[in-house]
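Remarks on the overall topology
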Amino acid sequence: MAVGAARGSGRFPPVSAYDASARARRTAAADLDGTLLASSSAFPYYFLVALEAGSYLRALVLLVTAPLLLVLYVAVSEAAAIALLVFVSFAGLRVRDVEAVARGVLPRHYAAGVRADTWAVFRGCAGRRVVVTASPAVMVGEFVREFLGAEVAGTELETFAGGKRFTGRIKAVLVGERKREVVERLFAGGDMPDVGLGDRESDHDFMAICKEAYMVPPDRRAPRAAADELLSRAIFHDGRLVRRPDPAHALFALAYLPVGFLVALFRVFFNLLIPVHLVRHTYRLTGIHLSIRGTPPAAPRPGAPGSLLVCNHRTALDPIIISIALGRNVTCVTYSVSRLSTAISPIRAVALTRDRAADAARMAALLEEGDVVVCPEGTTCREPFLLRFSALFAELTDRVVPVAVEARQGTYYGSTARGWKWLDPYFFYMNPRPGYEVTFLPALRPEETCGGGGRSAVDVANHVQRLIAKELGFQCTALTRKDKYMKLAGNDGTVGGAKKAEDDKAPKKFV
C-alpha cells in the first residue's frame, strides 16, 4: 500500500498510478491549489477578493506586494507568505462583502481550473469528500461545497466589530501538521480517508495517514474538467474581470483601467454626436466591432406600425446596439427601471406597469410611433444560457421579431449585480476591442402568436426563447431575475427590493 512506502521514503506515487478498479474507495481528503486545481497559485483569488470586496487601491497594493510574497514563500515559509497575503487582502473588509464575492465571483474562476484527472479520483470517492486547504475557508467554502460536493477545512480568519469585519490576522495557517490534525479530527469517529491527494511537501503529513496517497505533479496545462462534469454550473456570476487575474492579467486590468475609462468616454460621447444611421460606421473607427446578420424589419410608416423586437439580454446596451443595427431610433420598454437609468439612456426608455390593459394600450401607441425593443429575461446573463422569458410581451402585440444578441468582452464585463449599474456601459466600452453580434430572425407568423394563432402567451414566450437559443447555441432555462439576484446580491432584483436590501445600503464596490 502507498502508506507503507510513504512512511519509509517520504514519497508517494503519482496520481496517474491510481487504479479505480482495484477496490472501492468511499472517502477522500485532498488539497485544493495544485491538486484539485491545475494552478498551484492562489494569488488570483486573493486578488479578486481585494478588488471586488475591497477597492482598486487595495488590489494595486496586493499586486505590488507580489514579489515580496514570492520571496517569503521561497526563503521563509509557506505559512509566512499566506499570512501576509491574507493581511493585505482581508484587513478591514466586511465579512458580508467577502462572502458575496465568494458566492458570486470566485466559483466561476475556481471551476474553470479544476484538473480532470484528480477530480475523477476525488469524485469517485462518493462516501465523504474533504478539501484541506491553506486558503481561507470563507473564500473557498462556497465553491467546494456546491461544485465539488465536499466539506471544507481551511484557514480561519480573525474578526472584530462583533464578527462583521476581518482583522487580517490568521488563527492558524492550515499547512503541514495542522492539515493532519484537521483530518484526524474530521475522521475521528471512523477510519482515516481511503484516498489522500496532494501536490507539495506541506501536504505529506495528512497524506501519510490516508490508506492510499498520491502526489499530483505540477502541470499548469493539465486537461481541465468540463463544466458539466462538476456538480454545479456557474450560470450566474458577478465581478468585472472577464479573465482569471494571473499577475500579468491583473497588472494589465489595473494599469489599463484609467486609460480604458478615457477611451470609453470618447467612444460614448463621440458616437452620441453621430446620426444613428451612421454610428455602425463610426463604431469601426473607434475600435468597436459590430456584426449584423439577418434581415432587419422594415421601418414603420403610416398604416404599418413598428415591430416589437424581442431580444435576449447580455448587457444594458442591447437596445442601443439594436437601434444602431437598424439605423433608426427605437423605444426600449422594461419591467423594472430606475429613474437614473431612464435619465441617462440615449434612447427612450419606458417602464411597463404590469397592468395588462394599460400596458397593451401603451404598447400600441409606442408601436404607432416606431419600433420597440424588449428584453423579456428581465436581467442580463453572461453564460450561454437564456433565462425564462416573461410572457407579458406576447400579450401586447402580434408584431414580434426575435433578435439574438451576443456581446464580446475580453477584459471587463459590462454588467453587474452588486455594483454601480450606471457604469455598466462604460465598462463595456473600456474593453480594448469590444464587439456585438446582432442577428435579426424572421418575424413570428400569425399562427405563432396569441392573437392570430390563439396560442397562450407562455407558449409564445417559450417559442421565442427557443428560437433565440437555437440561433446562439445557448441552452434554455426556467431561471429568473429573482434567482440571479438572490444568488448574487441577496435581493429580488427589483428597483424597490434593491433599495430595501441591506447590501444595497452599503457603499458600492468595484463590481
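In this text the structure is predicted, and so the values were computed from the model without any measurement.

All chains considered together, the criterion is met by 16 aromatic pairs. For the ring pair tyrosine 256 and tyrosine 412, a centre distance of 6.5 Å and an interplane angle of 10 degrees mean the geometry is stacked. Here tyrosine 256 is found in helix H11 (residues 247–272), whereas its partner tyrosine 412 is found in the loop between strand S13 (400–408) and helix H17 (424–430), with 156 residues between them in sequence. For the pair formed by tyrosine 256 and tyrosine 412, the shared burial category is buried. Its guanidinium or amino end placed over the ring of phenylalanine 187, arginine 128 lies 4.6 Å from that ring's centre, counting from NZ or CZ. Directly above the ring of phenylalanine 122 sits arginine 129, whose terminal nitrogen or CZ lies 6.0 Å from the centroid.

A separate point is the sheet that holds strand S8 (residues 308–311). Sheets are built from strands that pair by backbone hydrogen bonding, the pairs being arranged parallel or antiparallel. An order of S7-S14-S13-S8-S11-S9-S10 is seen for the seven strands of this open sheet, with the pairing classed as mixed. One side of each edge strand has no neighbouring strand; the edge strands of this open sheet are strand S7 (289–294) and strand S10 (348–351). Averaged over all pairs of adjacent strands, the angle between their axes in this sheet comes to 25 degrees, without regard to strand direction. Note: strand S9 (residues 331–334) against strand S11 (residues 372–374), three bridges, orientation parallel. Residue pairing for S11: threonine 331 is matched across the bridge by valine 372. Each of S7, S8, S13 and strand S14 (435–440) is contacted by helix H19 (residues 457–472), which is oriented at about 40 degrees to S13, the strand it contacts most.

Our next topic: the sheet that holds strand S1 (residues 27–30). Reading across from one edge, S4-S3-S2-S1-S5-S6 is the order of the six strands in this open sheet, with mixed pairing throughout. Looking at the sheet topology across the chains shown, the edges are occupied by strand S4 (165–172) and strand S6 (212–215). The mean angle between the axes of side-by-side strands here comes to 25 degrees, regardless of whether they run parallel or antiparallel. One ladder, built from three bridges, connects S1 with strand S5 (residues 195–198); its direction is parallel. Across the sheet, alanine 30 pairs through a bridge with leucine 197, a residue of S5. On the sheet, helix H9 (residues 177–186) packs against S1, strand S2 (128–136), strand S3 (151–160) and S4 and is oriented at approximately 150 degrees with respect to S2.

Next up on the list: unusual backbone geometry. Note: most peptide bonds trans; most residues except glycine with negative phi. Despite not being glycine, alanine 161 has its phi angle at roughly 55 degrees, a positive value. As for its placement among the helices and strands, alanine 161 is situated in the loop between S3 and S4.

Mapped onto the elements, aspartate 246 comes out in the loop between S6 and H11. Separated by 103 residues in the primary sequence, aspartate 246 and alanine 349 place their C-alpha atoms 40 Å from one another.

Another aspect to go through is the pattern of salt bridges. Tallied over the entire structure, the rule returns 27 salt bridges. In this structure, the salt-bridge partner of arginine 115 is aspartate 117, at a minimum N-O distance of 2.7 Å. With relative accessibility at 32%, the residue aspartate 117 sits in the partly exposed group. For the salt bridge of glutamate 142 with lysine 487, the shortest nitrogen-to-oxygen distance reads 3.9 Å. Here glutamate 142, found in helix H8 (residues 137–147), pairs with lysine 487, found in helix H20 (residues 481–488); they are 345 residues apart in sequence, far enough to count as distant. When salt bridges that share partners are traced, they join Arg314, Glu406, Arg408 and Glu437 into one network.

Per the stated rule, a full pass over the model turns up zero disulfides. Among the cysteines around cysteine 332, which has no disulfide bond, cysteine 375 carries the closest sulfur, lying 5.9 Å off.

Criteria and thresholds
- Counting restarts for each chain: residues are numbered from 1 in the order of the written sequence.
- Reporting of local features is limited, given that this is a predicted model, to residues whose pLDDT is at least 70; pairs of side-chain atoms are given and counted only at 80 or more, and all residues count toward the totals for whole chains, interfaces and linings.
- Water and hydrogen atoms were dropped before computing side-chain values, which therefore reflect all heavy atoms in the structure.
- Two aromatic rings from Phe, Tyr or Trp, using only the six-membered ring of Trp, form a pair when their centres are within 6.5 Å; if the ring planes differ by under 30 degrees the pair is stacked, by over 60 it is edge-to-face, and anything between is tilted.
- Strands are runs of DSSP state E lasting at least two residues, helices are runs of H or I lasting at least four, and both sets are numbered from the N terminus onward.
- With a 1.4 Å probe rolled over the protein chains alone, any residue whose accessible area is under 20% of its type maximum counts as buried; one over 50% counts as exposed, and the rest are partly exposed.
- Note on geometry: a ring has a charge over it if NZ (lysine) or CZ (arginine) is within 6 Å of the ring centre and within 35 degrees of the ring normal.
- In this scheme, strands are said to pair when DSSP sees at least two bridges between them.
- Only the stretch in contact is used when a helix axis is fitted, and all axes are lines through C-alpha atoms; the angle between N-to-C directions ranges over 0 to 180 degrees.
- Residues count as neighbours in contact if any of their non-hydrogen atoms are within 4.5 Å of one another.
- Every case where a carboxyl oxygen of Asp or Glu lies within 4 Å of a side-chain nitrogen of Lys or Arg is listed as a salt bridge.
- Disulfide assignment relies on a single distance test, namely cysteine sulfur atoms paired within 2.5 Å.

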